[in-house]
Amino acid sequence: MDTSTMEELQTAEQRNILDTITQLRKCGLDTILSLPQLVVCGDQSAGKSSLLEALTEIPFPRNDSLCTRFATEINLRCEPTEKLTIKVIPDSSLLADDKSTMEAFSTAISNFEELPSIMNAAKTVMGIAEIESTPGPAFSKAILRIDVEGPTRPHLTLVDIPGLIQSTTKGVTEADIETVAAITDHYIQQSRTICLAVISAQNDVANQGILRKVRKFDPEGKRTLGIITKPDKLPSGSKLEAEFLELAKNENVPLKLGWQVVKNRAYEESDFTAEQRAISEKAFFKDSVWESLNNDHVGVDNLRVRLSHLLLEHGKTELPRLSDDLEAFLQKSKDEIALLGDPRVTISECRTYLAQLSMACYDICKAGVQGIYEKEFFRLGWEEPFSLKYESSTRRLRAVVQFMNSGFAQEMRERGHKYKIGVSNGEAGGGYSSEKGGLFDEKTISDELARNALHSLGDKTVVLSKKDAMVWVRNRVLKSRGTELAGSFNPSVVAELFWEQSESWEGLAKSHVEGILQLCENFLRDILATHTTADVKDRFWRFLLVDELRKQRTSAFDELDQLIQDKNEYLVNYNHYFTDNLQRRRQQKAKEQLQGIFPEQLAPSKCNMGFHYARYDVANAFDKVVSALSQRTTADMDDFSCEEALDRLVSIYKVQEKVFVANVTTQVVERHVMKNLKDIFSPLRVINLPDSKITSIVLEPSSTKRQRLLLQDRIKRLEEGREIFRSAIRSSATSS
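Residues numbered from 1 in each chain as written. Predicted model: local features only at pLDDT ≥ 70, side-chain atom pairs only at ≥ 80, totals over all residues. Heavy atoms only, no water.

1. Digging into the overall build of the chain
Stage number 1. Summing up its helical and strand segments, the chain has 23 helices and 11 strands in all.
Stage number 2. Buried positions account for 46% of the 736 residues belonging to the chain.
Stage number 3. Here the contacts in the chain between residues at least 6 apart in sequence split such that 78% fall between residues at least 24 apart.
Stage number 4. Of the roughly 36900 Å² of accessible surface on the chain, a fraction of 52% belongs to carbon and sulfur atoms. (Helix = DSSP H or I, 4+ residues; strand = E, 2+ residues; numbered from the N terminus. Buried < 20%, exposed > 50% of the residue type's maximum accessible area, 1.4 Å probe, protein only. Contact = heavy atoms within 4.5 Å. Areas by Shrake-Rupley, 256 points an atom, 1.4 Å probe, with all protein chains shown as cover.)

Quick look at the structure:
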């Protein structure tokens, strides 16, 4: 196996870089992460296999009627002894029995003369049918891996994949065409693949399907090197020859890696040695229009050197990124296997797992209810603002409940009343503060959902002037009149006015409680999702949480219904805040009456000399003020009683609103939702569960077993890869 020219594909620096990549591939990381590699791709019969043979000097079998049937991955490794091993890597989607049959195929040969028979045997194992034989797939997604080891071998990976097929032919079906396209996509879409896009000069450039493929996955041509084969088949001086010459100069289809022109063996040169092939190629380019190209861009020998530089730069760029990807994927795999938990096959394992899961969820839930956010569960989205649309906020349960309770209180102040009274006089009737701002101020609030909630019932508030409010109250007073004296009103009038004024409370309170309940459900789901698998989460929720949450919801709304019923009973109040409000309203009215009642004659006048005031008659002035006030007294007894009823309504409304908000947030939200929320996950609930129920919740399905084995194997290989990187860093530091 005289392959000494392959040494041109490496330098001392490149050997060190590619040695790391080869070791990563050797431990199986190529099935997990994208590793740097060269992929020879192109249309059917474009000359790919011949190019690969010229590059590696490995005599691949050629078939003029049909090219490669499967991906052939060549791993060239620098080892102390000569060795050539061939094995089949099955497609990951195959069934276990089919996989084991392919995986069992492994053989070592001493020279390349045995290669054709080995590849035919591999086709049989892959289930590939011959064109003339009985129906069967003509292509396979399995990989033929050829490991070539020797003391002079470079560390390099080359892949030859089946050529793209444009239409069905005898023995080639639409399914085969799709299989070939999928194989091509699998390789060239990998970000660390250098695509050697091979096109034949015998086909028009516009008809080269591989160019469309590489443009799809490498639109800027950053990792694609175009290779033109069979230039000797072009008529000398023809228009077609001129077009391909323009392409080779990177003018037609520009690629950042440029183009290379090589001459494959002609049919009559099939018995040429590697040296003879090289001599024939050099002779062709010496006396042709291709001589006008840069010498480095023609010939296989120059292509080797070019690939050497490409691989070196590619390796330098990608290895640090590959190390980062490895660490990220390793952490992701560890998180996934941690989520699976310990194996759960026996009833003892299931019971232990369920108890541990319940305890972990209980601790998180308790911390969320208490507002202690030290655990990892709460350390999410540090950079995100506080907003109900971010999970980083909704996980902090107590903070969000406080936020929503404050919003409920403000919404009650601003939109709980049916009528907004006395706006023209600067009053905010019905017991509402007309102040803006606060937690839910539209100018400062950051959450769109909460801002929309502020307007959910806003259109129901009716603005009444003082005059219209008096008409509303008068109508109620007249309807309620009994045996009371004229100028007074039935004691039930204030209650009836209050019931109408507060009729929005029920809707606001139910909406708030519903929001709190939904928040808590989402919080519980998040806890489960971060501590177990999706199937266990669903079963845990169905068997252990649904009934408890339904009871919680029922008890919360039953309590709220009691509060609503109490609100709609006759008013009972022992809070002095009512009389304080009433007196302040009367004082405000008196102040308004006094405004403008300061006659000129009450003002003290100076003497004629202008140095002192005359003696002021206080008693006379007081009599004049009383006389002026008496003229403003309401003479109409109905107006007087209506004003008094309205004052009492506004005063009692303020008291009852505060009481109602306090009752909803403490007796409903705290007592029936928050207080016992953590007990839903209490381990005491699962201790005495029957075995049948425990297994139905957490028994491990076969798919989870397979997933655990897959993750364990993946973690093992990733950790091996991490150690390879560490060794490479130590080796680099030592050599420098």
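2. Some thoughts on the side chain of Arg-344
Stage number 1. Counting through the fold element by element, Arg-344 comes out in the loop between α9 (300-340) and α10 (347-370).
Stage number 2. A residue is classified by how much of its surface remains accessible, and Arg-344, at 0% relative accessible area, is buried.
Stage number 3. Polar contacts involving the side chain of Arg-344 include one to the main-chain carbonyl oxygen of Leu-340, which spans 2.6 Å.
Stage number 4. A polar atom in the side chain of Arg-344 sits 2.6 Å from the backbone oxygen of Val-698.
Stage number 5. Not counting chain neighbours up to four residues away, the residues in contact with Arg-344 comprise Glu-349, Cys-350, Tyr-353, Val-536, Val-698, Leu-699, Glu-700, Thr-704 and Arg-708. (Polar contact = N/O pair within 3.5 Å; in protein donor to acceptor, adjacent residues only side chain to side chain.)

3. Notes on helix α8 (residues 274-286)
Stage number 1. Under the 1.5 Å per step criterion, the end-to-end length of α8 is 19 Å for 13 residues, consistent within 8% with the ideal 18 Å.
Stage number 2. Within α8, the full set of buried residues consists of Arg-277, Ala-278, Ser-280, Glu-281, Phe-284 and Phe-285. Buried positions in α8, seen along its axis, are confined to an arc of 165 degrees and lie on one side of it. Exposed residues on α8 whose side chains face more than 90 degrees from its buried face are Ile-279, Lys-282 and Lys-286. (Expected span 1.5 Å × (residues − 1). Arc of directions from axis to C-beta.)

4. Observations concerning the pattern of salt bridges
Here the idea is simple: oppositely charged side chains can pair when their charged atoms come close.
Stage number 1. One pass over the structure, following the stated rule, counts 37 salt bridges.
Stage number 2. Measuring nitrogen to oxygen at the nearest pair gives 2.5 Å for the salt bridge that ties Glu-336 to Lys-332. Note that Glu-336 and Lys-332 are positioned in helix α9 at a spacing of 4 residues, about one turn of the helix.
Stage number 3. One salt bridge in this structure joins Glu-414 and Arg-415, with 3.1 Å as the shortest N-O distance.
Stage number 4. Relative accessible area serves as the criterion here: at 17%, Glu-414 is assigned to the buried category.
Stage number 5. According to the relative accessible area criterion, Arg-415 is buried, its value standing at 12%. (Salt bridge = Lys/Arg side-chain N within 4 Å of Asp/Glu carboxyl O.)

5. A word on the nonpolar core
Stage number 1. Core analysis: the biggest nonpolar cluster contains 81 residues, and Leu-354, Leu-397, Leu-524, Phe-540, Phe-660 and Phe-681 have the highest contact counts within it.
Stage number 2. Ranked by the residues each element gives to this core, the list is headed by helix α20 (residues 637-674), at 15 residues.
Stage number 3. Apart from the residues within four sequence positions on either side, Leu-397 is in contact with Gly-368, Val-369, Tyr-373, Leu-519, Cys-520, Phe-523, Met-674 and Leu-677.
Stage number 4. In terms of nonpolar packing, the next biggest core, distinct from the first, is built from 42 residues, Ile-74, Met-126, Leu-158 and Leu-311 among them. (Core = buried A, V, L, I, M, F, W, Y, C linked by side-chain atoms within 4.5 Å.)

6. Quick word on the pairing of strand β7 (residues 193-200)
Stage number 1. Burial runs high along β7: 8 of the 8 residues are buried.
Stage number 2. Neither face of β7 is open: one carries Thr-193, Cys-195, Ala-197 and Ile-199, the other Ile-194, Leu-196, Val-198 and Ser-200, and all of them are buried.
Stage number 3. For strand β1 (residues 37-42) and β7, the ladder comprises 6 bridges, and the chain directions are parallel. Within β7, the position partnered with Gln-37 by the bridge is Thr-193.
Stage number 4. Pairing of β7 with strand β8 (residues 224-229) involves 6 bridges; the strand directions are parallel. Bridge pairing links Cys-195 to Thr-224 in β8.
Stage number 5. The β-α-β motif built from β7, the intervening helix α6 (residues 209-217) and the parallel element β8 has right-handed crossover chirality. (Pairing = 2+ DSSP bridges. Right-handed = clockwise from strand over helix to strand, strands pointing away.)

7. What to know about the packing of aromatic side chains
Stage number 1. Under the counting rule described, the total for this entry stands at 12 aromatic pairs.
Stage number 2. For the pair Phe-284 and Phe-285, a centre-to-centre distance of 5.2 Å together with 65 degrees between the ring planes defines the contact as edge-to-face. Like Phe-284, the residue Phe-285 is buried in the burial classification.
Stage number 3. Look at Trp-505 and Tyr-653: their rings are 5.4 Å apart centre to centre, the planes differ by 65 degrees, and that puts the pair in the edge-to-face class. Separated by 148 residues along the polypeptide, Trp-505 in helix α16 (residues 505-529) and Tyr-653 in helix α20 bring together distant segments of the chain.
Stage number 4. By relative accessible area, Trp-505 is classed as buried at 1%.
Stage number 5. Aromatic rings pair up to connect Tyr-373, Phe-377, Phe-378 and Phe-523 into one cluster. (Phe/Tyr/Trp six-rings, centres within 6.5 Å; stacked < 30°, edge-to-face > 60°.)

8. Points about the side chain of Thr-224
Stage number 1. Examined against the element boundaries, Thr-224 turns out to sit in strand β8.
Stage number 2. Residue Thr-224 is classed as buried on the basis of its relative accessible area, which comes to 1%.
Stage number 3. A distance of 2.7 Å separates polar atoms of two side chains, one belonging to Thr-224 and the other to Asp-218.

9. Focus: the pairing of β1
Stage number 1. Among the 6 residues in β1, 6 count as buried, and that is most of the element.
Stage number 2. Alternating positions in β1 separate into two faces, Gln-37, Val-39 and Cys-41 on one and Leu-38, Val-40 and Gly-42 on the other, with burial throughout.

10. So, the environment of Gln-552
Stage number 1. Tracing the sequence through the fold places Gln-552 in helix α17 (residues 534-567).
Stage number 2. Sequence spacing of Gln-552 and Leu-677 is 125 residues, and the spatial spacing of their C-alpha atoms is 8.7 Å.
Stage number 3. Not counting chain neighbours up to four residues away, the residues in contact with Gln-552 comprise Leu-517, His-672, Val-673 and Leu-677.

11. Here's the deal with unusual backbone geometry
Stage number 1. Unusually for a residue other than glycine, Lys-230 sits at a positive phi of about 60 degrees.
Stage number 2. Its place among the elements puts Lys-230 in the loop between β8 and α7 (239-248).
Stage number 3. Relative accessible area serves as the criterion here: at 18%, Lys-230 is assigned to the buried category.
Stage number 4. Of note in the backbone geometry, Asn-250 takes a positive phi value of approximately 65 degrees without being a glycine.

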